[in-house]
Amino acid sequence: MPARGQSPTGLEAVGSVAVRTFAAQKSPRMTQTAHQSMDGHHVNAMAGNGSGENRTHFADYDELPEGHFYDPDAEYEPDPEYAATLAPDAARQRRERVGPTGRPLPYFPIPGPLTDHGPAKIIAMCNQKGGVGKTTSTINLGAALAEYGRRVLLVDFDPQGALSVGLGVNPMELDLTVYNLLMERGMAADEVLLKTAVPNMDLLPSNIDLSAAEVQLVSEVARESTLQRALKPLMADYDYIVIDCQPSLGLLTVNALTAAHKVIVPLECEFFALRGVALLTETIEKVQERLNPELELDGILATMYDSRTVHSREVLARVVEAFDDHVYHTVIGRTVRFPETTVAGEPITTYASNSVGAAAYRQLAREVLARCHAE
Ligand SMILES: Nc1ncnc2c1ncn2[C@@H]1O[C@H](COP(=O)(O)OP(=O)(O)O)[C@@H](O)[C@H]1O
Ligand SMILES: [Mg+2]
């Protein structure tokens, strides 16, 4: 069993970015007992999560080590520290300053505060494969951007409503959803908008009603740009709008791509990850040519990465070989904390603020912001 604060690889699991040691602050905020879980993982029953709230968490080994707290104002720690938590060969990576993708890690600064907001950059989270981490990435990238003071709107564009559920909304109980905004002329966005528990982050929810839109839109004039028109009045109020696409390349996804400036493609680090990606990039190119010349692939996001398996490392290497600089330096590790957050109905940045998963999405937010500012 790995000791408290160590990953099973024996590496010290120091999270990504601004993590520093606060031995003095530890005791009143956290009381911990450790015991062995059924599957042999190290489990911490933890009262209090560093955000001051009292609740019980069952963490696995991916908690930050004792005494380490995420601190957004802390001095920036070099990214190789973060890489070391994800990659098997920590010493070599530190020495060569390469990240889990095998490339040198650039510096992603902590974003400064904004004095005014908008116009929004629209990001479509897109992959026609299900279960690759689109919804998880939408929620947690959104929450991390919001933590950095960006105004964020999340758009649930999947009739399954998983994004809404993940933010604690029951889709079955909704009278108005993004469907009404799309299909009813004169429907005001703020009638549909919901505030989330995360400051600076709002939600356009959806439910099964949206599946009707796919059929009804077919006979509409300019059917591919319906979402773009619906989002237009909201652009000035937000810095980022992130659209969680459904797992298909149908008309709803084409609407998301037509509305978007950027696409993020999450890829699960498993054998068939690259299958279907050619079709996806072809669709993106078609939308670029015919409907939205502004559209760009911002990046490929490797998710559910497990540095302990050769398989995961090989898949990641293949993805980097295929997409090169399009692959984000930030890689999201596999951890049971993500499924837990869905049950809790909140982002990992609030549910397990000090976890490596939360740190990874903060790092992703910084990388996305750095790419946007580089333009
Ligand atoms: N990094 C991760 N590690 C472990 N489980 C994850 C991770 N990201 C997502 N999951 C889980 O995998 C499942 C599918 O993720 P989801 O974000 O819903 O994918 P998609 O929206 O592409 O279908 C969910 O149960 C989610 O909690
Ligand atoms: Mg989803």
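Scroll up a little and you will see the structure.
Each chain carries its own residue numbering, running from 1 in the written order of its sequence. Ligands are numbered from 1 and chains lettered from A, in the order in which they are written. Local features in this predicted model are restricted to residues of pLDDT 70 or higher, and side-chain atom pairs are both shown and tallied only at a pLDDT of 80 or more, whereas totals for entire chains, interfaces and linings draw on every residue.

### Overview of the site of ligand 1
Inference 1: In the vicinity of ligand 1, 17 residues are found, and the nearest of them are Lys134, Thr135, Thr136, Phe338 and Pro339.
Inference 2: Here the residues of the shell around ligand 1 are counted per class, giving 7 nonpolar, 8 polar and 2 charged. We call a residue near a molecule or strand if the C-beta atom, set from the backbone, is within 6 Å of it. Residues are sorted three ways: Asp, Glu, Lys and Arg are charged, Ala, Val, Leu, Ile, Met, Phe, Trp, Tyr, Cys and Pro are nonpolar, and all the rest, Gly among them, are polar.

### So, the sheet that holds strand S9 (residues 201–204)
Inference 1: Strand pairing is defined by DSSP finding a minimum of two bridges between the two strands. Segments assigned H or I by DSSP are reported as helices when at least four residues long, segments assigned E as strands when at least two residues long, and all are numbered from the N terminus. Strand order across the open sheet formed by 7 strands is S8-S9-S7-S10-S6-S11-S12, with mixed pairing between neighbours. On the outer flanks of this sheet lie strand S8 (194–195) and strand S12 (296–303), each paired with one strand and no other.
Inference 2: The pairing of strand S7 (residues 152–157) with S9 spans 4 bridges and is classified as parallel. The residue bridging Leu153 from the neighbouring strand is Asp202, located in S9.
Inference 3: Our contact criterion uses C-beta atoms placed from the backbone: two residues qualify when those atoms are within 7 Å. The convention used is that axes are lines fitted to C-alpha atoms, helices contributing only their stretch in contact, and that angles between N-to-C directions extend from 0 to 180 degrees. Running over the sheet, helix H4 (residues 134–147) touches strand S6 (121–125), S7, S9, strand S10 (240–245), strand S11 (262–268) and S12 and is turned about 170° from S10.

### Quick word on the environment of Pro106
Inference 1: Topologically, Pro106 is positioned in the loop between helix H3 (90–96) and S6.
Inference 2: Using C-beta atoms placed from the backbone, we call a residue buried if 20 or more other C-beta atoms fall within 10 Å of its own, exposed if 12 or fewer do, and partly exposed for counts in between. Residue class for Pro106 comes out exposed when judged on the 11 C-beta atoms lying within 10 Å of it.
Inference 3: It is 9.3 Å that separates the C-alpha atoms of Pro106 and Glu367, two residues lying 261 residues apart in sequence.

By themselves, these are just geometric observations and shouldn't be taken as functional.
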